[in-house]
Amino acid sequence: MKPILEAKNLSKFYKDKKVLKNINMKVFKGDIYGFIGPNGAGKTTTIKIILGLIKPSEGEVYINGKNILKNKTNNPSDIGAMIDYPSFYNNLSAYRNLKLYANVLNLLDERIMEVLEMVNLTEQKDKKVGNYSMGMKQRLAVARAFLTKPKIAILDEPTNGLDPEGVKDMRNLIKKLAKDSNTTFIYCSHILNEVQNLCNRVALINKGSIVVEDSMDKLLNTDREKYRILTAQKNKLKNVLSSLALKISDIEGGILIEINRGDFKLVNKLIGDNNIEIIDISKEESSLEDYFMKEVVEQYDKK
């Protein structure tokens, strides 16, 4: 499958500082693609290059095989974006704000009503944006990004400033738009549990370099499960379980096992058959945050 968006060897220099270092990304049609990393890692710089807001020092960006840095006429209609905090004219209504953008893009008024309906702001269209909540402003920014019916929507920190209910609403909105509009999303965030809940593929960037790019399932190895088993008979338990295809690690008061999903029933049977006394068993959930901290930040910062 060919990617709908591909960045090849993107680098960006500011004087003697190399902000981006040979960034390579592949985003496929239908992805909700998480682009994550700590503040200052290079996420926003990469996104601004993709949007044509700044020029790379090196590298190319392609949408459907076309180089959009050389042929910028493709860019406005292909990509919609919400970057940084949403900025609007607070003394104008939501409708009037979108009308200003629609006029520049030669879009019909009916498209304004369509995007307002998409983000559930039709009833508040005549309300001044200065009286909007942060969540409403974020949804209006998404509506603005969708005015041109983009193939790809880039959302940079769309849950900034939102309360838990607002975060949930934004997550549900993105899922709905991905399904109903057949839009591919690039979702930039440092809130890793939101990325895990929303995205099917993810790229991790740190210090200007892509550290890993993969599907969420492969990244978190979701075909495997981890269990903490606490027992005073650690050595006996390890010997009993040695016949199974699993990974065993020592922990305080017991062992940590990693096993194929669904195979823990075999462990339970061996424990029972061999009369091993168990203090406690708990399952460890795979976490993008744990992966990022252990496999990316700690390892990369040692270099």
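Residues numbered from 1 in each chain as written. Predicted model: local features only at pLDDT ≥ 70, side-chain atom pairs only at ≥ 80, totals over all residues. Heavy atoms only, no water.

## Here's the deal with the overall build of the protein chain
Check the secondary structure of the protein chain and you find 11 helices and 14 strands. Projected onto the principal axes, the alpha-carbon positions of the protein chain cover approximately 75 × 50 × 35 Å. Sorting the 303 residues of the protein chain into buried and exposed places 47% on the buried side. When the accessible surface of the protein chain is totalled, it reaches about 15900 Å², and 46% of it is carbon and sulfur. (Helix = DSSP H or I, 4+ residues; strand = E, 2+ residues; numbered from the N terminus. Buried < 20%, exposed > 50% of the residue type's maximum accessible area, 1.4 Å probe, protein only. Areas by Shrake-Rupley, 256 points an atom, 1.4 Å probe, with all protein chains shown as cover.)

## Some details on the confidence of the model for the protein chain
For the protein chain, the average pLDDT comes to 88, and 95% of its residues sit at 70 or higher. Per-residue pLDDT, averaged within each element of the protein chain, yields its smallest value for helix H2 (residues 75–78) (60) and its largest for strand E3 (residues 32–36) (95). (pLDDT = per-residue confidence, 0-100.)

## Side note on a nonpolar patch on the surface
Taken together, the side chains of Tyr89, Leu100, Tyr101, Val104 and Leu105 make up a nonpolar region of the molecular surface, amounting to roughly 490 Å² of accessible area. Classification of Val104 as exposed rests on a relative accessible area of 67%. (Patch = residues over 30% accessible without salt bridge, like charges linked within 9 Å, V, L, I, M, F, W, Y side chains within 5 Å. Salt bridge = Lys/Arg side-chain N within 4 Å of Asp/Glu carboxyl O.)

## A look at the pattern of salt bridges
Summed over all chains, the structure comprises 14 salt bridges. Among the salt bridges present, the one from Arg171 reaches Glu194, with a minimum N-O distance of 2.7 Å. You can see Arg171 sitting in helix H6 (residues 164–180) and its partner Glu194 sitting in helix H7 (residues 192–198), a full 23 residues away along the chain. Taking relative accessible area as the criterion, Glu194 reaches 5% and is therefore assigned buried. Among the salt bridges present, the one from Glu284 reaches Arg228, with a minimum N-O distance of 3.2 Å. With a gap of 56 residues between them, Glu284 in strand E14 (residues 280–284) and Arg228 in strand E11 (residues 224–230) connect regions that are remote in the sequence. If you follow the salt bridges from partner to partner, you end up with Glu225, Arg261 and Lys283 in one network.

## Re the packing of helix H3 (residues 94–104) against helix H5 (residues 134–145)
With their axes 10 Å apart at the nearest point, H3 and H5 run at an angle of 30° to one another. By the angle between their axes, H3 is roughly parallel relative to H5. As for the relative orientation of H3 and H5, their crossing is right-handed in sense. Residues Ala94, Leu98 and Tyr101 of H3 form the contact with H5, whose participating residues are Leu140, Ala143 and Arg144. Looking at the contact of H3 with H5 residue by residue, the class counts come to five nonpolar, no polar and one charged. (Axes fitted to C-alpha atoms, helices over the stretch in contact; angles between N-to-C directions. Parallel < 35°, antiparallel > 145°, perpendicular 65-115°, else oblique. Left-handed = near helix turned anticlockwise from the far one by under 90°. Contact = heavy atoms within 4.5 Å. Nonpolar A, V, L, I, M, F, W, Y, C, P; charged D, E, K, R; others polar.)

## Quick word on the sheet that holds strand E1 (residues 5–14)
The strand order across the open sheet built from four strands is E2-E1-E4-E5, with neighbouring strands paired in antiparallel fashion. The two strands at the open ends of the sheet, each matched to only one other strand, are strand E2 (17–27) and strand E5 (66–67). Alignment of E1 against E2, held across seven bridges, turns out to be antiparallel. If you follow Ala7 over to E2, its bridge partner there is Met25. On the sheet, helix H1 (residues 43–50) packs against E1, E2 and strand E4 (58–63) and is oriented at approximately 65° with respect to E2. (Pairing = 2+ DSSP bridges.)

## Looking at the environment of Gln233
Its location among the elements puts Gln233 in the loop between E11 and helix H9 (234–241). Separated by 212 residues in the primary sequence, Gln233 and Lys21 place their C-alpha atoms 51 Å from one another. Leave out the neighbours within four places in its chain, and Gln233 touches Asn275, Ile276 and Glu277.

## Describing the packing of aromatic side chains
All told, the structure shown has two aromatic pairs when counted by the stated rule. Measuring from ring centre to ring centre gives 6.0 Å for Phe146 and Phe185, while their planes differ by 40°; the resulting arrangement is tilted. Residue Phe146 is found in the loop between H5 and strand E7 (152–156), and its partner Phe185 is found in strand E8 (residues 184–189); the two are separated by 39 residues along the sequence. The buried category is assigned to Phe146, whose relative accessible area is 2%. With a relative accessible area of 1%, Phe185 lands in the buried category. Ring centres 4.0 Å apart and planes at 20° place the aromatic pair Tyr227 and Phe264 in the stacked group. Of the two residues, Tyr227 is situated in strand E11 and Phe264 in helix H10 (residues 264–273); the sequence distance between them amounts to 37 residues. (Phe/Tyr/Trp six-rings, centres within 6.5 Å; stacked < 30°, edge-to-face > 60°.)

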